[in-house]
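Architecture at a glance
One-letter residues, chain by chain:
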Amino acid sequence: MQLPLEYKRELENLFSDESEYRRFLSCYDEPPYRGIRINTLKVDEERFKEIFKFKIKKSPFSKDSYYLEDDVNSIGNLSLHHAGAFYVQEPSASSAVTVLDPQPYEKILDLCAAPGGKSTQIAAALRGRGLLWSNEIVASRARILLSNIERMGIRNAVVSSCSPEVLCEKLCGFFDKILVDAPCSGEGMFRKNPEAIVEWSPEHVKACAKRQLAILRTAAKALRNGGVLVYSTCTFSLEENEGVIYDFLKEDSDFALEDIDAQFGRAACKVGLGGILIDTSKARRIFPQDGGEGHFVARMRKIRDGAKKVRSFNYKAAKNTDNKLGDEIFSQLFNCDVYGKIAKVSDKFIILPEDLPDLSGLGVLRAGVLLATSKGSVWEPAHAAFMAVAKEELKFSVDLSSDSSEVLEYLRGHEISLDDKLNGYVGVCVDGIVAGFGKAVNGRLKNKYPKGLRILS
């Protein structure tokens, strides 16, 4: 692998001795790390290991993160992946959320969230309690983010496509914790995606650092007093990592850098410029020789605050609220209690999370879970509504083996046979994990698996 000379010089300066630098370079002759993260919203670790057909090995970066063997291919086509049982994620990428340490009932913002790896990890930690706000400024990437949020069965999320400036100004002081997984030069992606090398340049690094600092400044507005701001990248650049943290803390005395108590990676570099020393070594770096492709994580606490309060969202303000029909739809499909307020917006019934702020003007693609779409008095349930419940919560269900021909036919969008005693909407499960639904008619299941998600081969 041909690495840019300027890049190699920069990396050489990051290591304390020549042997460590040589060890780093030798990693480019090895295959990249591959991994998955178990989605504990849908399946626990013990059950997952029973039904997953490949060997996995625990990673040090989060309690649900695992290394995957090199010879596992097309993992995105596995039925368990379609069911949201796991998320494909390079192991060290899970370190940032471990450092963020989300807790149930907290309000958390993932400001640069697509495609959703860190957002879905946050949601699993929240356990359906609290609020996750996942934002992605690029609309096409935000739609991918929404799809992953739905696949993983997340009930308490808002997905938006909004500029950070607008979002953080309107939600000033609203969040308990904020993650800024900033767009970067992607040096930690070189082994996984050699094309990233072609895009790299010193000028690109400088442009990224400037943008990252601007995003951090903006994110700070949306954090409450005493809240936590975590900054992460998948690059090795001193300028984009310690340099950005240094500049941010130098100009904003409301924040203090905290030590990261972690068993992974290594201490970051110390940076002192202009006679001012900020101990940026409290942050963490992960190099390939540390077991991950590459990550930088810093945790900061907001110690002072002048932020204004934000008003709570008023459910009654939702237009065309029709809770009675919404409740009837829910009760026909599921055995559990409704986990939020059902509102009718245009032709859609949506189960809203609790404690929402005012959503107007924030580019919201979805708040909560889409329950159903209606046309007059006729309604049809949404795929997302089934993905957000467990098998035990379904009124009617069929359970297929993850390696059966029937589940493959279902994921391809074909009809399948089933017990002719079943009629109406039926949840389709894979080894006990809900993967979608269909409509049972005379011993056949009319397929309702979304066309954009189907296996084409």
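Scroll up to find the structure.
Report on the accompanying structure. (Residues numbered from 1 in each chain as written. Predicted model: local features only at pLDDT ≥ 70, side-chain atom pairs only at ≥ 80, totals over all residues. Heavy atoms only, no water.)

This brings us to the overall build of the protein. Each helix and strand in the protein was counted, giving 14 helices and 25 strands. Computed over the C-alpha atoms, the radius of gyration of the protein is 23 Å, within 12% of the 23 Å expected from 2.2 N^0.38 for a compact globule of 457 residues. Based on the C-alpha atoms only, the size of the protein along its principal axes is roughly 75 × 55 × 35 Å. Taking all 457 residues of the protein together, 55% fall into the buried category. When the accessible surface of the protein is summed, it comes to about 20000 Å², and 49% of that surface belongs to carbon and sulfur atoms. Within the protein, one finds 63 positive and 63 negative side-chain charges whose respective centroids are separated by 5 Å. (Helix = DSSP H or I, 4+ residues; strand = E, 2+ residues; numbered from the N terminus. Rg over C-alpha atoms; globule rule 2.2 N^0.38 Å. Buried < 20%, exposed > 50% of the residue type's maximum accessible area, 1.4 Å probe, protein only. Areas by Shrake-Rupley, 256 points an atom, 1.4 Å probe, with all protein chains shown as cover. Lys, Arg positive; Asp, Glu negative; His and termini not counted. Charge placed at Lys NZ, Arg CZ, Asp CG, Glu CD.)

Approximately 920 Å³ is the volume attributed to the largest pocket. Going through the elements one at a time, β4 (86-88), α6 (117-126) and α10 (202-221) are the ones with two or more residues in the lining of the largest pocket. (1 Å grid on protein atoms, 1.4 Å probe; cavity = no way out; pocket = protein on both sides within 12 Å on 5 of 7 lines; lining within 4 Å. Points joined across faces, edges and corners; volume = space filled by probe spheres on them.)

To continue, consider the nonpolar core. In this structure, Val-180, Leu-229 and Met-300 are the most contacted members of the largest nonpolar core, which totals 48 residues. Of the residues forming this core, the biggest block, six residues, is contributed by α10. Setting aside anything within four residues of it in sequence, one finds Leu-229 in contact with Ile-178, Val-180, Leu-216, Ala-219, Leu-223, Phe-248, Phe-255, Ala-298, Arg-299 and Met-300. Counting residues in hydrophobic clusters, the runner-up holds 31 residues, among them Ile-38, Tyr-66, Phe-86 and Leu-445. (Core = buried A, V, L, I, M, F, W, Y, C linked by side-chain atoms within 4.5 Å. Contact = heavy atoms within 4.5 Å.)

Note on placement: Asp-358 falls in the loop between β17 (348-352) and β18 (364-367). A residue is classified by how much of its surface remains accessible, and Asp-358, at 15% relative accessible area, is buried. In this structure the side chain of Asp-358 is engaged in a polar contact, spanning 3.1 Å, whose partner is the side chain of Ser-360. (Polar contact = N/O pair within 3.5 Å; in protein donor to acceptor, adjacent residues only side chain to side chain.)

Turning our eyes to something else, we now look at the sheet that holds strand β23 (residues 424-430). Strand order in the open sheet formed by five strands is β21-β23-β24-β25-β22, with mixed pairing between adjacent strands. Strands at the two margins of the open sheet, each flanked by one partner only, are β21 (397-400) and β22 (416-417). (Pairing = 2+ DSSP bridges.)

The subject of this paragraph is the side chain of Ser-95. For Ser-95, the location among the structural elements is in helix α5 (residues 95-100). With sequence-adjacent residues up to four places away left out, Ser-95 is seen in contact with Phe-61, Phe-264, Ile-286, His-295 and Val-297.

With that settled, the discussion passes to the packing of α10 against helix α11 (residues 242-251). Remark: α10 packs on α11, axes separated minimally by 10 Å, with the N-to-C direction vectors making an angle of 40 degrees. In this view, α10 runs oblique relative to α11, as classed from their interaxial angle. Seen from above, α10 lies across α11 with right-handed handedness. On α11, the residues touching Ala-209, Gln-212, Leu-213, Leu-216, Arg-217 and Ala-220 of α10 are Val-244, Ile-245, Asp-247, Phe-248 and Glu-251. Of the residues that constitute the contact of α10 with α11, the class distribution is seven nonpolar, one polar and three charged. (Axes fitted to C-alpha atoms, helices over the stretch in contact; angles between N-to-C directions. Parallel < 35°, antiparallel > 145°, perpendicular 65-115°, else oblique. Left-handed = near helix turned anticlockwise from the far one by under 90°. Nonpolar A, V, L, I, M, F, W, Y, C, P; charged D, E, K, R; others polar.)

The next thing to look at is unusual backbone geometry. Put simply, Ala-114 and Pro-115 share a cis peptide bond, and its omega is 5 degrees. Among the structural elements, Pro-115 can be located in the loop between β5 (107-110) and α6.

Should the charged atoms of two oppositely charged side chains come close, the side chains can pair. Counted by the stated rule, this structure contains 28 salt bridges. Salt-bridge contacts for Glu-415 lead to Arg-444; the nearest nitrogen and oxygen are separated by 3.4 Å. Of this pair, Glu-415 sits in the loop between α14 (405-411) and β22 while Arg-444 sits in strand β25 (residues 444-447), placing them 29 residues apart in sequence. Looking at Glu-415, the relative accessible area reads 34%, which means it is partly exposed. Taking the relative accessible area as the measure of exposure, Arg-444 reaches 32% and is therefore partly exposed. (Salt bridge = Lys/Arg side-chain N within 4 Å of Asp/Glu carboxyl O.)

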